[in-house]
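# Report on the structure
As a plain string of letters, each chain reads:
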Amino acid sequence: MYHVIINPASRSGRGRRIWKEQIEPALHKENISYCPHFSEKAGDTVSIVTELFAREQGDVFLIILGGDGTVNEALQGMDDTKRAVLGYVPTGSSNDLARDLRIPKKPLEALDIILHSGRIRPMDLGVVSYPEGERRRFAVSCGIGFDAAVCQEAMHSKIKDTMNRMGLGKLTYLGVALRQLFAAKAVSGKLTLDGGTPVDIGNMLFTACMLHRYEGGGFMFAPRALDNDGLLNLCAVGDLSKFFILFALPTAFYGKHYMFRGITPYQAGALTIETSMPLWVHTDGEVTRKSCRICVSCEREAIRLVAPGNP
């Protein structure tokens, strides 16, 4: 049986309608056994998945109807991610996981992949750990600094939903990004990759740790990332003037940002990032806290996901 987790607020409040008008009728038509679960507020998906994994024996078949943040919450509720078989109907604002896996934006096409044409394949997951012992998994990326600060402000923006309903959601992020860029303070950063010699990032704007190629709604920060190689691909931005960052960021949509001195790629299975002051940290766009030290690691082939048959 499929457990379908629906975020009704996704796609600017159209998630519930997509479920009622498209996904549920399709499941009925094909006589698919399913149980719906609605996430009404932050943290609900964690609780739902925690209960499912405690109750179910063996594999747990999940369909997430939501965005990258809903997937992220689901991961936090899994006692053993290798028990999960995850299908994804992307209805979020960024959908970077679906973008990299080539899962269609149209809900019924995404559902068809889950039920018929897709294949179950292993995928890496990341884990960010804090000095106090807290850990959070992620499926797409985690980041510290500017990218997380943009996510944090956008999450609490009063005009975000209005702009999303008008199809102008990216303008919200653009406005927030510009404000955060010019408000950013000089912060020194240091990377330690796989226990090696620390690398000075200088005046660090942000460091993104990527399992997939995209984050932030289509920025190709990691053009060479593979989601099942056991490695994190890093995009570290430091010692680059704010003026040049304005030119560099648009090139990241095409993965060309490494032509700018001060934007550096790294690769590691595990790493530590230290900063001279606490900065916002995100996991798949979800922001819960600031930190000046995080440890990030990759768990190879930690979950099974249903994706298009010919990636």
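Residues numbered from 1 in each chain as written. Predicted model: local features only at pLDDT ≥ 70, side-chain atom pairs only at ≥ 80, totals over all residues. Heavy atoms only, no water.

It is worth spelling out helix H2 (residues 15-29) at this point. Here H2 spans 20 Å end to end across 15 residues, near enough to the 21 Å set by a 1.5 Å rise per residue. The principal kink in H2, of about 35 degrees, is found at Ile23, preceding the proline Pro25 by one to four residues. Taken as a whole, H2 has its buried residues at Gly15, Ile18, Trp19, Ile23, Glu24, Ala26 and Leu27. Residue Asn31 follows H2 closely and has a positive phi angle near 55 degrees. (Helix = DSSP H or I, 4+ residues; strand = E, 2+ residues; numbered from the N terminus. Expected span 1.5 Å × (residues − 1). Bend = angle between axes of the 7 residues up to and from the residue. Buried < 20%, exposed > 50% of the residue type's maximum accessible area, 1.4 Å probe, protein only.)

On to empty space enclosed by the protein. Rolled over the atoms, a probe sized like a water molecule indicates the empty space that remains. Tallying each qualifying case throughout the model produces one cavity of 30 Å³ or more. Space inside the largest cavity adds up to approximately 70 Å³. Lining the largest cavity are Leu205, Phe206, Phe221, Val237, Leu240, Ile245, Ala248, Leu249, Ala252, His257 and Ile263. Within the residue set of the lining of the largest cavity, elements represented by two or more residues are strand E9 (199-210) and helix H10 (242-251). Ranked by residues supplied to the lining of the largest cavity, first place goes to H10 with three residues. (1 Å grid on protein atoms, 1.4 Å probe; cavity = no way out; pocket = protein on both sides within 12 Å on 5 of 7 lines; lining within 4 Å. Points joined across faces, edges and corners; volume = space filled by probe spheres on them.)

Turning to the packing of aromatic side chains, a few remarks are in order. Inspection of every chain in the model, using the stated rule, returns eight aromatic pairs. Judged by centre distance (6.3 Å) and plane angle (80 degrees), the rings of Tyr2 and Phe61 are edge-to-face. In this pair, Tyr2 sits in strand E1 (residues 2-6) while Phe61 sits in strand E3 (residues 60-66), placing the two residues 59 residues apart along the sequence. Taking 4.2 Å as the distance between ring centres and 20 degrees as the angle between the ring planes, the aromatic pair formed by Phe219 and Phe253 counts as stacked. Of the two residues, Phe219 sits in the loop between E9 and strand E10 (232-238) while Phe253 sits in the loop between H10 and strand E11 (263-268), which places them 34 residues apart along the sequence. The structure contains a cluster of three or more aromatic residues connected by ring pairs, namely Phe146, Phe206, Phe219, Phe221 and Phe253. Sitting above the plane of the Tyr214 ring, Arg99 keeps its charged end 5.9 Å from the centroid. (Phe/Tyr/Trp six-rings, centres within 6.5 Å; stacked < 30°, edge-to-face > 60°. Lys NZ or Arg CZ within 6 Å of the ring centre and 35° of its normal.)

In this structure, the second largest pocket spans a volume of roughly 480 Å³. In this structure, the second largest pocket is lined by 25 residues; those nearest its centre are Ala183, Ala184, Lys185, Val187 and Leu279. Elements that contribute at least two residues to the lining of the second largest pocket include exactly helix H7 (146-155), helix H9 (169-183), E9, E10, H10 and strand E12 (270-283). The dominant element in the lining of the second largest pocket, judged by the number of residues it contributes, is E12, at four residues. The residue inventory of the lining of the second largest pocket, partitioned by class, reads 15 nonpolar, five polar and five charged. (Nonpolar A, V, L, I, M, F, W, Y, C, P; charged D, E, K, R; others polar.)

Glancing now at the pattern of salt bridges. Applying the stated criterion to the full structure yields 15 salt bridges. Between Glu40 and Arg16 there is a salt bridge, and its shortest N-O distance comes to 3.1 Å. Separated by 24 residues along the polypeptide, Glu40 in the loop between strand E2 (34-38) and helix H3 (44-55) and Arg16 in helix H2 bring together distant segments of the chain. A relative accessible area of 36% places Arg16 in the partly exposed class. The closest approach of N and O atoms between Arg121 and Asp227, which form a salt bridge, is 2.7 Å. Here Arg121, found in strand E5 (residues 119-129), pairs with Asp227, found in the loop between E9 and E10; they are 106 residues apart in sequence, far enough to count as distant. (Salt bridge = Lys/Arg side-chain N within 4 Å of Asp/Glu carboxyl O.)

By themselves, these are just geometric observations and shouldn't be taken as functional.
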